[in-house]
Amino acid sequence: MIRILLAEDEQAMREYLTRALERSGYEVVPIDRGTEAVPLLEKEHFDLLLTDIVMPEMDGIELARHCGKVSPQTEVMFITGFSGVALRAGHAMPQAKVLSKPFHLKDLVLEVERLFNKEAATGQI
C-alpha cells in the first residue's frame with residue numbers, strides 16, 4: 001500500500017484530504033506542521049510527501065528539501081493557495097508537482113495515481 005505523509009496546517013483541509021486519499025486506498029499519516037514531519041521522514045518509509053507550502057515553524061519547501069536528503073526515494077507534491085509561492089516551489093523543487101488551491105479532490109487523487117502510474121480513478125469520491 002502506498003503511504004502518504006500529509007503536512008497541512010489547516011485542520012479542515014487536512015481532514016478533508018486525509019478522507020479522500022484513504023477512500024482511494026492510500027495509507028495517510030496526517031500532521032499539522034513541517035517540524036512534526038521531520039522525525040517521521042527519518043524513521044519511517046513514505047512513498048509521497050504531500051505538503052502545504054505555507055505553514056508555521058517550517059514551510060513545505062524547507063520540509064521537501066529535508067525529505068530529499070533523508071528520504072530521496074519519497075516523491076514530493078506541494079499544495080498551496082498562493083500562486084507566487086507555487087512559482088517559488090517549482091524553482092526550488094522542479095521535479096515536484098504543485099497543486100494550487102482550490103482543487104477538486106478528484107484532481108488530487110488523479111495526480112497521486114499518475115505519480116505512481118496507477119490505473120485511472122474509479123470515481124469513488
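Residues numbered from 1 in each chain as written. Predicted model: local features only at pLDDT ≥ 70, side-chain atom pairs only at ≥ 80, totals over all residues. Heavy atoms only, no water.

S.K.: Just to check I follow, could you spell out the nonpolar core for this structure?
M.R.: For soluble globular proteins, nonpolar side chains are generally found buried alongside one another. By size, the foremost hydrophobic cluster in this structure holds 21 residues, and its most contacted members are Leu-5, Leu-63, Val-76 and Phe-78. Among the elements of the structure, strand 1 (3–7), strand 2 (27–31), helix 2 (34–43), helix 3 (60–70) and strand 4 (75–80) are those that each provide at least two residues to this core. Ile-4, Tyr-26, Phe-103 and Leu-108 belong to the second-largest nonpolar core, a separate cluster that totals 19 residues. (Core = buried A, V, L, I, M, F, W, Y, C linked by side-chain atoms within 4.5 Å. Buried < 20%, exposed > 50% of the residue type's maximum accessible area, 1.4 Å probe, protein only. Helix = DSSP H or I, 4+ residues; strand = E, 2+ residues; numbered from the N terminus.)

S.K.: Would you explain the pairing of strand 3 (residues 48–52) in this entry?
M.R.: With five of five residues buried, strand 3 is to be regarded as a mostly interior element. Sheet topology note: the strand 1/strand 3 ladder contains four bridges and is parallel. Within strand 3, the residue paired with Leu-6 across the bridge is Leu-50. Bridge count for strand 3 against strand 4 is five bridges, and the pairing is parallel. (Pairing = 2+ DSSP bridges.)

S.K.: Would you explain the sheet that holds strand 1 in this entry?
M.R.: The strands making up a sheet are joined through hydrogen bonds of the backbone, oriented either antiparallel or parallel. Spatially, the five strands line up as an open sheet ordered 2-1-3-4-5, and their pairing is parallel. The open sheet terminates on both sides in strands that have one partner only, identified here as strand 2 and strand 5 (97–100). The average undirected angle you get between the axes of adjacent strands in this sheet is 20°. Contacts between helix 2 and the sheet are confined to strand 1 and strand 2, with strand 2 contributing the most and set at about 140° to the helix. Where helix 5 (residues 105–115) meets the sheet, its contacts fall on strand 1, strand 3, strand 4 and strand 5, and the angle it forms with strand 4 comes to roughly 165°. (Axes fitted to C-alpha atoms, helices over the stretch in contact; angles between N-to-C directions. Contact = heavy atoms within 4.5 Å.)

S.K.: Please explain the environment of Leu-21 as it appears in this structure.
M.R.: Positionally, Leu-21 belongs in helix 1 (residues 11–23). Overall, Leu-21 belongs to the buried group, its relative accessible area being 0%. Ignoring anything within four residues of it in the chain, the contact list for Leu-21 reads Ile-4, Tyr-26, Val-28, Leu-50, Leu-108, Val-109 and Val-112.

S.K.: Whenever I open this one, the environment of Met-1 confuses me. Can you help?
M.R.: Within the element layout of this structure, Met-1 appears in the segment before strand 1. You can call Met-1 exposed: its relative accessible area is 73%. Leaving out residues up to four positions away in the same chain, Met-1 has contacts with Gly-25, Tyr-26, Glu-27 and Asp-47.

S.K.: Looking at this structure, I do not really get the pairing of strand 2. What am I missing?
M.R.: A regular strand carries its side chains on alternate faces of the sheet. Of the strand pairs in this sheet, strand 1 and strand 2 are connected by five bridges, and their pairing is parallel. Its bridge partner being in strand 2, Arg-3 is matched across the sheet by Glu-27. Handedness of the crossover joining strand 1 and strand 2 through helix 1: right-handed. (Right-handed = clockwise from strand over helix to strand, strands pointing away.)

S.K.: Whenever I open this one, the packing of helix 1 against helix 5 confuses me. Can you help?
M.R.: The description of two packed helices rests on the angle between their axes and on the distance between the axes. The N-to-C vectors of helix 1 and helix 5 enclose an angle of 55°; their axes lie 10 Å apart at closest approach. The pairing of helix 1 with helix 5 is recorded here as oblique in orientation. For the pair helix 1 and helix 5, the sense of crossing is right-handed. Contact residues: Tyr-16, Leu-17, Ala-20 and Leu-21 in helix 1; Leu-105, Leu-108, Val-109 and Val-112 in helix 5. Grouping the amino acids of the contact of helix 1 with helix 5 by side-chain chemistry returns eight nonpolar, no polar and no charged. (Parallel < 35°, antiparallel > 145°, perpendicular 65-115°, else oblique. Left-handed = near helix turned anticlockwise from the far one by under 90°. Nonpolar A, V, L, I, M, F, W, Y, C, P; charged D, E, K, R; others polar.)

S.K.: Got a minute to help me understand the confidence of the model for the protein in this structure?
M.R.: Segments scoring low in pLDDT should not have their predicted coordinates read at a detailed level. Looking at the protein, pLDDT values average 87 and 84% of them are 70 or higher. Across residues 119–125, confidence stays below pLDDT 50; counting only partners more than four residues off in sequence or on other chains, it has nine contacts. (pLDDT = per-residue confidence, 0-100.)

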